[in-house]
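Observations on chain architecture
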Amino acid sequence: MLEYFLPSENNDTAELLRRYERSLRESRSVYFDAEEIESIADHYIMKENLPACRRVVALGERLHPSNTLIVFLKVKLLYAEGNFDLALQTVRELERMEADSEYFIWEGMILLKQGWIDDAKKVFWRAVDEERGQKGMVCADIAAYLIHESPLLDDAVPFMERAHELNPDDLSVLSDLALLYHRLARYEDAVAVTEKNLDIDPYQEYEWYRMGELLGNLHRYEEAVRAFDFALSIDENFVEAYLSKGQMLFDMGSYIKAAEVYEMLADMPDLQGDRAGVLLFIAECYERVEDYAVAEGYYRRAYMLDDKNADACTGIAVCLLELGDYGESLKYLYRATEINPSDFDTWIYIADCCANMDMLDDAIEAYRRSLFFNWKQPEVLMSMGGLLVDLGEVPEALAHLQEAEQMDANMKGLASLLTVAYSQMGDFKTASYYMRKAMAIEKEKMQELMDIFSSDIDWEKMLEG
């Protein structure tokens, strides 16, 4: 990103821009020194207003011919325009006049754009060597450029580590180095750097938050939760820390504790964000402990805040389904399909409700809808096959069961259903094969079906065959 190597703007820059732009509107010739030309041009480069920048550089060339500041501006403009060959030629001409670290930084940037990565790194180190003042800052800026402008995270590490060596107590360098290690999945290194950062200044809520994230990646969950607690002790309105702590507790299986954390967040009067989403998190926690009545209440609160939230609507329905209120569940499920008709899971829940209410034709139609939106669902194919067997539609049932078998041959319950389907089709040899398989891997399910179809099929003969 160019902002790493362009000066920051201030009030003087704003006044300078007003004076320059007023001269354009009034078509007046106004004198600007080279430094002022540089500030104006840098502003337009940052704003990606290249036509305006070209006008400023042309003015600079007229007012200050051969001034190195203006020539350097031309390098920046050529870089922004993508004319890297001419930019490289021009910056090297400047380097021959003066070994300025800034020139070498821009040469490295140009070489990177041309794909000469090793050459660019050598030039970047030359820039560090030529810098007479803030070597650490130059190293940090080069590393930041490599991180943000290029997929060269590994190449950024030596520069950021050198910045740390030169400025060991610089908090921003420590923070950036930890972030770089984090992105490279070097979590132990990131933790060590973040610990040093917090030793220098323990009142940095974001660094505690990052520590929690890092410890979570290392599966040190209890330590991670404590780190989030430190972040929240510094800033009790730190939304991301609440969310991450809640998620960490959820992943640990501490669902009620996770719900309590989310409840604190949901009760924040000035919560900036999705309060309905937080309520959904709480509801899911109670679902995990099978407290469906409480979960339903939180889903309803979320739905009251956002009646177009399909997850809230489906959540209410699933809780009602688990509580046995199938009719009321169906009402919310069909409302969810109005919000999001292509959610294949919702159609499965509809099928489950209909099946429990002996509305088998409606259940089969719901399964078909689900498969329309996601055909690769062996469990749905098996369930639909089972209902079709119950309805006596055995050829169609068998087709779906065979399709399910192609996707997952060892799915629990499939061999038993195939046994019944083949036997009802009169293919007792194939049925006998699946019956033996079922008795080996799902004997309880097979015996359940044997009881149901005891009057239709001679199971003893099947076992003998």
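For the structure itself, look to the data block above.
These notes cover the structure that comes with them. (Residues numbered from 1 in each chain as written. Predicted model: local features only at pLDDT ≥ 70, side-chain atom pairs only at ≥ 80, totals over all residues. Heavy atoms only, no water.)

**Some words on the overall build of the chain**
Note the threshold: Elements are defined by DSSP. Helices are runs of H or I of four residues or more, strands are runs of E of two residues or more, and each kind is numbered from the N terminus. Burial classes follow relative accessibility: with a 1.4 Å probe on protein chains only, a residue under 20% of its type's maximum area counts as buried, one over 50% as exposed, and anything between as partly exposed. By the convention used here, residues are in contact when the closest approach between their heavy atoms is within 4.5 Å. Neither His nor the chain ends contribute to the count of charged residues, in which Lys and Arg are positive and Asp and Glu negative. Charge positions are represented by NZ for Lys, CZ for Arg, CG for Asp and CD for Glu.
When its secondary structure is counted, the chain shows 27 helices and 0 strands. Principal-axis analysis of the C-alpha atoms places the extent of the chain at approximately 105 × 50 × 50 Å. Relative to its 465 residues, the chain shows a buried fraction of 47%. Relative to all contacts within the chain whose residues are 6 or more apart in sequence, the contacts with residues 24 or more apart total 49%. Within the chain, one finds 45 positive and 90 negative side-chain charges whose respective centroids are separated by 6 Å.

**Side note on the packing of aromatic side chains**
Rules: Between 30 and 60 degrees the pair is tilted, below 30 it is stacked and above 60 it is edge-to-face, where a pair is any two Phe, Tyr or Trp rings, Trp via its six-membered ring, whose centres lie within 6.5 Å.
Throughout the structure, instances matching the rule amount to 19 aromatic pairs. A centroid spacing of 5.7 Å and a plane angle of 45° characterise the contact between Tyr206 and Tyr209, whose relative ring orientation is tilted. Placement of the pair is Tyr206 and Tyr209 together in helix H12 (residues 205–217), with a separation of 3 residues, close to one helical turn. Taking relative accessible area as the criterion, Tyr206 reaches 44% and is therefore assigned partly exposed. A relative accessible area of 13% means that Tyr209 is categorised as buried. An aromatic cluster is present here, built from Phe72, Tyr79, Phe84, Tyr103 and Trp106 joined pairwise through their rings.

**Thoughts on the pattern of salt bridges**
For the record, the criterion: The working definition used for a salt bridge is a side-chain nitrogen of Lys or Arg within 4 Å of a carboxyl oxygen of Asp or Glu.
Taken as a whole and assessed by the stated rule, the structure comprises 21 salt bridges. Close ionic contact of Lys121 with Asp155 constitutes a salt bridge, the shortest N to O distance being 2.7 Å. With a gap of 34 residues between them, Lys121 in helix H7 (residues 117–130) and Asp155 in helix H9 (residues 153–166) connect regions that are remote in the sequence. Judged by relative accessible area, which is 22%, Lys121 ranks as partly exposed. Several salt bridges converge on common partners, so that one network encompasses Glu38, Asp42 and Lys76.

**Some points on helix H8 (residues 135–149)**
Quick reminder of the rule: One less than the number of residues in a helix, times 1.5 Å, gives the span that helix is expected to have.
Here H8 is 15 residues long and its end C-alpha atoms lie 21 Å apart, about the 21 Å a rise of 1.5 Å per residue gives. Along H8, the residues that are buried comprise Gly136, Val138, Cys139, Ala140, Ile142, Ala143, Ala144, Tyr145, Leu146 and Ile147. Buried residues belonging to H8 abut helix H4 (68–81), helix H6 (101–113), H7, H9 and helix H10 (171–183).

**A short note on helix H18 (residues 310–322)**
The line we're drawing: Polar contacts, as used here, are pairs of N or O atoms within 3.5 Å; protein pairs need one atom able to donate a hydrogen and one able to accept it. Residues neighboring in sequence count only if both atoms are side-chain atoms.
With 13 residues, H18 ought to run about 18 Å at 1.5 Å a step, and its terminal C-alpha atoms sit 18 Å apart, in line with that. Buried residues dominate H18, accounting for 11 of its 13 residues. The inward-facing, buried residues of H18 abut helix H16 (275–288), helix H17 (292–305), helix H19 (326–339) and helix H20 (344–356). Where H18 starts, the residue carrying a side-chain oxygen 3.0 Å from the main-chain nitrogen of Asp311 turns out to be Asn309.

**A few points about the nonpolar core**
Definition in use: The definition of a nonpolar core used throughout is a set of buried Ala, Val, Leu, Ile, Met, Phe, Trp, Tyr and Cys residues joined through side-chain atoms within 4.5 Å.
In terms of nonpolar packing, the biggest core is built from 139 residues, with Ile110, Phe124, Ile142, Leu146 and Ile282 touching the most fellow members. Sequence-distant contacts of Leu146, that is, excluding residues within four places in its chain, are made with Leu112, Phe124, Leu152, Asp155, Ala156 and Phe159.

**Comments concerning the side chain of Ser370**
Position of Ser370 relative to the elements: it lies in helix H21 (residues 360–373). Excluding residues within four positions of it along the chain, Ser370 makes contact with Phe344, Trp347, Ile348, Gln377 and Val380.

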